[in-house]
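Next come the chains, spelled out residue by residue.
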Amino acid sequence: DNNYTINGISSFYQILLKLNKKKVKKIFIPDLICESLLIPIKKLQFKYKFYKVDENLNSNYIPAENTAILIIHYFGRINNNLKLLKIESLKKKIHIVEDISHCYLNKNFLFDRNSDFFFSLRKHGILGPGGWGSIDFNLNKITLKEKDILKKNFKLRIKKNLLILKDDYSFSEKQILYKFKKINNSLNNKISNSFVGKNYKKNLLSFNLNLLIKKRISNWNYLDNFIGKKFKKIYSGVNENKVPLGYIIFHKNRDKLRNYLIKKRIFCGVHWQS
């Protein structure tokens, strides 16, 4: 019940602590990864090795016995080769860790007891900062400093929402973005052993996820009607079993396109280094 943390890497860290206690010394990680996930791996001095992810964002890699492997389900898709890996994991004592930040909204997603799970709430921006993991190794009461940061974030989100409703947001956007940046700098890449308080968790659990799912699918289809034939996409269609993280496309001039969208005040949801 207290498995909510201040960010995704803190939840990942709890899983790694458990693996460390089990004398697991090596973890295999995909070559398409957010660099922040390396922070807890390096902190606990795990040996790590990259495995290749194919153009469909899957991998059939099977690691050695008594090691761990991190599986990332990208952009609303479930890794197709996970079933084979789970069969092999029972034979070889392979520890599977699943990052479900992109796919936990999928209707058909199942929590398998043979895996450990974590996700970052920040990936779904409307929910704000935070993380969740299936492991509570040594989580403690949240510190006053962390509590203050989360309160400031929550108040700033309320203020932003009220300005949007009044159609006044654009006049204050730079100031609000600056304040959000300061808050994010206090949370990003920080490993914490704290669980978030009851009030913050209550706000998360009261959110209408079904409304969020419908909105994401509707937004994706709306964009696809206009630009679907102009770009190479991650997938051809979406549904309740493939809830999109955003409208993900491939582009040769990615940075140029991103800068153009920023000038038009259009948010780019995912932008990893190439």
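In what follows, the structure referred to is the one given above.
Residues numbered from 1 in each chain as written. Predicted model: local features only at pLDDT ≥ 70, side-chain atom pairs only at ≥ 80, totals over all residues. Heavy atoms only, no water.

## Comments concerning the packing of aromatic side chains
In the structure shown here, the tally under the stated rule is 14 aromatic pairs. Plain terms: the ring middles of Phe 109 and Phe 117 are 6.0 Å apart, the flat faces sit at 85° to each other, and that makes the pair edge-to-face. Exposure remark for Phe 117: the relative accessible area of 2% places this residue in the buried category. One aromatic cluster is present, built from ring pairs that chain together Tyr 104, Phe 109, Phe 111, Phe 117, Phe 119 and Trp 132. The residue whose ring lies beneath Lys 232 is Phe 250, and the NZ or CZ to ring-centre distance is 5.1 Å. (Phe/Tyr/Trp six-rings, centres within 6.5 Å; stacked < 30°, edge-to-face > 60°. Buried < 20%, exposed > 50% of the residue type's maximum accessible area, 1.4 Å probe, protein only. Lys NZ or Arg CZ within 6 Å of the ring centre and 35° of its normal.)

## Here we look at helix H3 (residues 82-92)
Every α-helix winds through 3.6 residues per turn, so residues three or four apart in the chain are directed the same way. Restricting attention to buried positions, one finds in H3 the residues Leu 82, Leu 85, Lys 86, Glu 88 and Ser 89. Seen end-on, H3 carries its buried residues on one side only, within an arc spanning 165°. Pointing more than 90 degrees away from the buried face of H3 are the exposed residues Lys 83, Leu 90 and Lys 91. (Helix = DSSP H or I, 4+ residues; strand = E, 2+ residues; numbered from the N terminus. Arc of directions from axis to C-beta.)

## Considerations on empty space enclosed by the protein
Under the counting rule described, the total for this entry stands at two cavities of 30 Å³ or more. What the largest cavity holds in volume is close to 50 Å³. Lining the largest cavity we find Ser 59, Asn 60, Tyr 61, Ile 62, Ile 71, Asn 79, Asn 81, Leu 82 and Leu 85. A class-by-class count of the residues in the lining of the largest cavity yields five nonpolar, four polar and no charged. One number sums up the size of the second largest cavity: a volume of about 30 Å³. Asn 56, Leu 57, Asn 58, Ile 72, His 73, Tyr 74, Arg 77, Ile 78 and Asn 79 together form the lining of the second largest cavity. Residue composition of the lining of the second largest cavity, grouped by class: four nonpolar, four polar and one charged. (1 Å grid on protein atoms, 1.4 Å probe; cavity = no way out; pocket = protein on both sides within 12 Å on 5 of 7 lines; lining within 4 Å. Points joined across faces, edges and corners; volume = space filled by probe spheres on them. Nonpolar A, V, L, I, M, F, W, Y, C, P; charged D, E, K, R; others polar.)

## Concerning the layout of surface pockets
The volume enclosed by the second largest pocket comes to roughly 430 Å³. Residue lining of the second largest pocket: 16 residues in total, with Lys 147, Gly 197, Lys 198, Asn 199 and Tyr 200 positioned closest to the centre. Mapped by element, the contributors of at least two residues to the lining of the second largest pocket are helix H4 (144-165) and helix H6 (198-205). Element by element, the count of residues in the lining of the second largest pocket is highest for H4, at six residues. For the lining of the second largest pocket, a count of residues per class yields seven nonpolar, four polar and five charged.

## Let's talk about the nonpolar core
Buried together is how nonpolar side chains tend to be arranged in soluble globular proteins. Ranked by internal contacts, the top residues of the largest apolar core, which has 70 residues, are Phe 12, Ile 27 and Leu 70. Looking at this core, the element that brings in the most residues is helix H1 (residues 8-21), giving seven residues. In this structure Ile 27 touches Phe 12, Leu 16, Ile 41, Phe 46, Lys 47, Tyr 48, Lys 49, Ala 68, Ile 69 and Leu 70, once residues within four positions along its chain are discounted. (Core = buried A, V, L, I, M, F, W, Y, C linked by side-chain atoms within 4.5 Å. Contact = heavy atoms within 4.5 Å.)

## Considering unusual backbone geometry
Most peptide bonds are trans, and most residues other than glycine sit at a negative phi. Notably, Leu 57 is not glycine yet its phi reads approximately 65°, a positive angle. Considering the arrangement of structural elements, one finds Leu 57 in the loop between strand E3 (47-51) and strand E4 (68-72). Even without a glycine there, the phi angle at Phe 75 is positive, about 55°. With respect to the secondary-structure elements, Phe 75 resides in the loop between E4 and H3. In this structure Phe 75 comes out as buried when scored by relative accessible area, which is 6%.

## Focus: the pairing of strand E6 (residues 115-120)
With six of six residues buried, E6 lies mostly within the body of the structure. The side-chain alternation of E6 yields two buried faces, one formed by Ser 115, Phe 117 and Phe 119 and the other by Asp 116, Phe 118 and Ser 120. Looking at chain direction, strand E5 (residues 95-99) and E6 are connected through four bridges and run parallel. Bridge pairing in E6 places Asp 99 opposite Phe 118. Direction of pairing for E6 relative to strand E7 (residues 131-133): antiparallel, over a ladder of three bridges. Along E7, the bridge assignment pairs Ser 120 with Gly 131. (Pairing = 2+ DSSP bridges.)

## A look at the pattern of salt bridges
As enumerated under the stated definition, the model contains eight salt bridges in all. In this structure, the salt-bridge partner of Glu 173 is Arg 265, at a minimum N-O distance of 2.6 Å. Here Glu 173 is found in helix H5 (residues 169-187), whereas its partner Arg 265 is found in the segment after helix H8 (254-263), with 92 residues between them in sequence. Among the salt bridges present, the one from Lys 233 reaches Asp 224, with a minimum N-O distance of 2.8 Å. (Salt bridge = Lys/Arg side-chain N within 4 Å of Asp/Glu carboxyl O.)

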